[in-house]
Amino acid sequence: MSKRPWGYQPQPERPDPTWELHQETQSVRAGLARSGFGETSEALYLNSGFTYASAEQAVSSFADEVDHFVYGRFANPTISMFEERLAAIEGAEFCVGTGSGMSAMFASIACMVKSGDRVVASAAMFSSCYVILMEILPKWGVEVELVETNDVKGWTKALSKPTKVVFIETPSNPMLDIVDIKMVSDLAHNVGATVIVDNVMASPVLQKPLELGADVVMYSATKHIDGQGRVLAGAILGKRSYLEEHLSQFVRHTGPSLSPFNAWVLVKSLETIGMRVDRMSQSAQKIAEFLEARPEIKSVRYPGLKSHPGYEIAQKQMSGGGSTIGIEFKADQASVFKFMNALRVIDISNNLGDSKSLITHPASSTHRRLAPEVRAEMGITDSVLRLSVGLEHYSDLLKDLEQAF
Ligand SMILES: *Cc1c(COP(=O)(O)O)cnc(C)c1O
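Okay, so let's go over this structure. (Residues numbered from 1 in each chain as written. Predicted model: local features only at pLDDT ≥ 70, side-chain atom pairs only at ≥ 80, totals over all residues. Heavy atoms only, no water.)

1. What about a nonpolar patch on the surface?
Move 1: Taken together, Leu 44, Leu 46 and Phe 261 make up a surface patch of nonpolar side chains, about 270 Å² in accessible area.
Move 2: Within the secondary structure, Phe 261 sits in helix 10 (residues 260-292). (Patch = residues over 30% accessible without salt bridge, like charges linked within 9 Å, V, L, I, M, F, W, Y side chains within 5 Å. Areas by Shrake-Rupley, 256 points an atom, 1.4 Å probe, with all protein chains shown as cover. Salt bridge = Lys/Arg side-chain N within 4 Å of Asp/Glu carboxyl O. Helix = DSSP H or I, 4+ residues; strand = E, 2+ residues; numbered from the N terminus.)

Structure below.
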């Protein structure tokens, strides 16, 4: 075989900065591991396996005695770059990338519970999370109790009994209900529970659950982390002890692994997440205020509006209202559909957190799977639309909405 060509030279490691780097700097620098080619941008290692210099090196790699990649289900250099970068942005001790947000949500809970254990969750949530909690886990003997987002008495009562896991989605999808992360974490820790937060709607830019007392954060990276409608992915972040005692073995053997290609897309997306989410949130605030003043609208749900029942808590725990708005029309479903069909810029689509503004009718799409009574409890009537505000100029979006009315 030929000599290693093209001047491959393992890069000497530079000393780390002596000061703490800002989030913007971490977003473009953290986790970067250059190969001997010295490429500027993060490389895509699209491989499932790895080779060893000797049989002995293979043995010690498998025994975790040396740092050497073993198999794509466990780790891969491109995936590790994404994980390190997201962990730095979140301020977490570890990050595990997964193939989707749902595999992250499922693994984060399933790695901890066994038959007879109890899970408490906030009632307003994404429909697939609801199916895992209310249909799949109970089938395996896990008891699940739901609490209304803002019901302090309810939380106190539910968390007076031994509990293994507390799962909260705040803001919730699609009605943007807010749970007080610190209040629930304090109550949960009194009974020894691990608090897992679905932070999809806020993103790591606007809310840091670990700083507020939560133990674990999970993402659908499909949303703001990619934010450009390209790949499906998820992530679980938190304390090293949770990784070592629960998650690590579970994901190694059940295989919810992220693809290296998707990790490569995501590691670049993280470079711009701060700018994107801040801009989307600023535009969403203006659009929410505009919608609230329209006579056709019954109510607007947006954490940055004073009319939101969770406004005070949102002010405490979020640095912006986020990109998503829940809109309840006075009209019936047929008129709401007419409104959607009249839009010229905003697309009809069930994704969110995207650079393109998207509108969806949750009752017939994302939350269709829920029973009508459950939807009604979550406030998802047939007259509700969810608007995910993108990166277009906000005045074009206002014009689009105005002409559709
Ligand atoms: C989209 C979403 C998920 C699921 O993520 P996928 O990447 O689609 O699997 C989970 N939670 C919330 C709040 C979401 O919006």
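Now that the structure has been shown, we can carry on.
2. Focus: a negative patch on the surface
Move 1: A grouping of Glu 148, Asp 151, Glu 373 and Glu 377 is seen on the molecular surface, where their side chains present a negatively charged patch.
Move 2: The class of Glu 377 is exposed, set by a relative accessible area of 62%. (Lys, Arg positive; Asp, Glu negative; His and termini not counted. Charge placed at Lys NZ, Arg CZ, Asp CG, Glu CD. Buried < 20%, exposed > 50% of the residue type's maximum accessible area, 1.4 Å probe, protein only.)

3. Some details on the packing of aromatic side chains
Move 1: Tallied over the full model, the rule gives 10 aromatic pairs.
Move 2: Ring geometry for Phe 94 versus Tyr 242: centroids 6.2 Å apart, planes at 25 degrees, classification stacked. Of this pair, Phe 94 sits in strand 1 (residues 94-98) while Tyr 242 sits in helix 9 (residues 240-254), placing them 148 residues apart in sequence. Both residues of the pair, Phe 94 and Tyr 242, belong to the buried class.
Move 3: Members of the aromatic cluster, each reached through a chain of ring pairs, are Phe 106, Trp 140 and Phe 250. (Phe/Tyr/Trp six-rings, centres within 6.5 Å; stacked < 30°, edge-to-face > 60°.)

4. Concerning the site of the ligand
Move 1: Neighbouring residues of the ligand: 13 residues in total, closest Met 102, Asp 198, Ser 220, Thr 222 and Lys 223.
Move 2: In this structure, Asp 198 approaches the ligand through a side-chain N or O atom, which is 2.7 Å from a nitrogen atom.
Move 3: A distance of 2.8 Å separates an oxygen atom of the ligand from a polar side-chain atom of Lys 223.
Move 4: In the complex, 92% of the free accessible area of the ligand, which totals 380 Å², lies under the protein chains.
Move 5: The residue inventory of the shell around the ligand, partitioned by class, reads five nonpolar, five polar and three charged. (Near = heavy atom within 4 Å. Polar contact = N/O pair within 3.5 Å; in protein donor to acceptor, adjacent residues only side chain to side chain. Nonpolar A, V, L, I, M, F, W, Y, C, P; charged D, E, K, R; others polar.)

5. A look at the packing of helix 3 (residues 77-90) against helix 10
Move 1: Close contact between helix 3 and helix 10 brings their axes to 8 Å; oriented N to C, the two are set at 35 degrees. Helix 3 and helix 10 meet at a crossing whose hand is left-handed. Across the interface between the two elements, Thr 78, Ile 79, Met 81, Phe 82, Arg 85, Leu 86 and Ile 89 from helix 3 touch Pro 260, Ala 263, Trp 264, Leu 266, Val 267, Leu 270 and Glu 271 from helix 10.
Move 2: A per-class count over the contact of helix 3 with helix 10 returns 11 nonpolar, one polar and two charged. (Axes fitted to C-alpha atoms, helices over the stretch in contact; angles between N-to-C directions. Left-handed = near helix turned anticlockwise from the far one by under 90°. Contact = heavy atoms within 4.5 Å.)

6. Focus on the pairing of strand 9 (residues 324-329)
Move 1: Counting buried residues in strand 9 gives six out of six residues, a clear majority hidden from the surface.
Move 2: Across the two faces of strand 9 the burial is the same, with Thr 324, Gly 326 and Glu 328 and Ile 325, Ile 327 and Phe 329 all buried.
Move 3: In terms of strand pairing, strand 8 (residues 297-301) meets strand 9 through four bridges, oriented antiparallel. In the sheet register, Ser 299 faces strand 9, and the bridge partner there is Glu 328.
Move 4: By the bridge criterion, five bridges tie strand 9 to strand 12 (residues 384-388) in an arrangement that is antiparallel. In the sheet register, Glu 328 faces strand 12, and the bridge partner there is Val 384. (Pairing = 2+ DSSP bridges.)

7. Some remarks on the sheet that holds strand 11 (residues 358-360)
Move 1: Reading across from one edge, 8-9-12-11-10 is the order of the five strands in this open sheet, with mixed pairing throughout. For this open sheet the edge positions go to strand 8 and strand 10 (347-348), each flanked by a neighbour on one side alone.
Move 2: Along the sheet face, helix 10 touches strand 8, strand 9 and strand 12 and points at about 10 degrees away from the line of strand 9.

8. Description of the sheet that holds strand 5 (residues 194-198)
Move 1: Taken in spatial order, the seven strands of this open sheet run 1-7-6-5-4-2-3, and their pairing is mixed. Two strands close off the open sheet at either side, each with one partner strand: strand 1 and strand 3 (143-147). Each adjacent strand pair in this sheet contributes to an overall mean axis angle of 20 degrees, direction not counted.
Move 2: As paired elements, strand 5 and strand 6 (residues 216-220) share three bridges and run parallel to each other. When the sheet's bridge partners are listed, Val 197 is paired in strand 6 with Val 217.
Move 3: Contacting strand 1, strand 6 and strand 7 (234-238), helix 3 runs over the sheet at an angle of about 130 degrees to strand 1.

9. Concerning the environment of Pro 309
Move 1: Mapped onto the elements, Pro 309 comes out in the loop between strand 8 and helix 11 (311-317).
Move 2: On a C-alpha basis, the gap between Pro 309 and Gly 7 in space is 62 Å, while along the polypeptide they are 302 residues apart.
Move 3: Setting aside chain neighbours within four positions, we find Pro 309 in contact with Asn 150 and Arg 301.

10. Let's talk about the packing of helix 4 (residues 101-110) against helix 9
Packed helices, taken two at a time, are described by the angle between their axes plus the distance between the axes.
Move 1: With their axes 9 Å apart at the nearest point, helix 4 and helix 9 run at an angle of 125 degrees to one another. Of the possible angle classes, the one that applies to helix 4 and helix 9 is oblique. Judged by the sense of rotation from one axis to the other, the crossing of helix 4 with helix 9 is right-handed. Every residue of helix 9 that contacts helix 4 at Phe 106, Ala 107, Ser 108 and Ala 110 is listed here: Tyr 242, Leu 247, Phe 250 and Val 251. (Parallel < 35°, antiparallel > 145°, perpendicular 65-115°, else oblique.)

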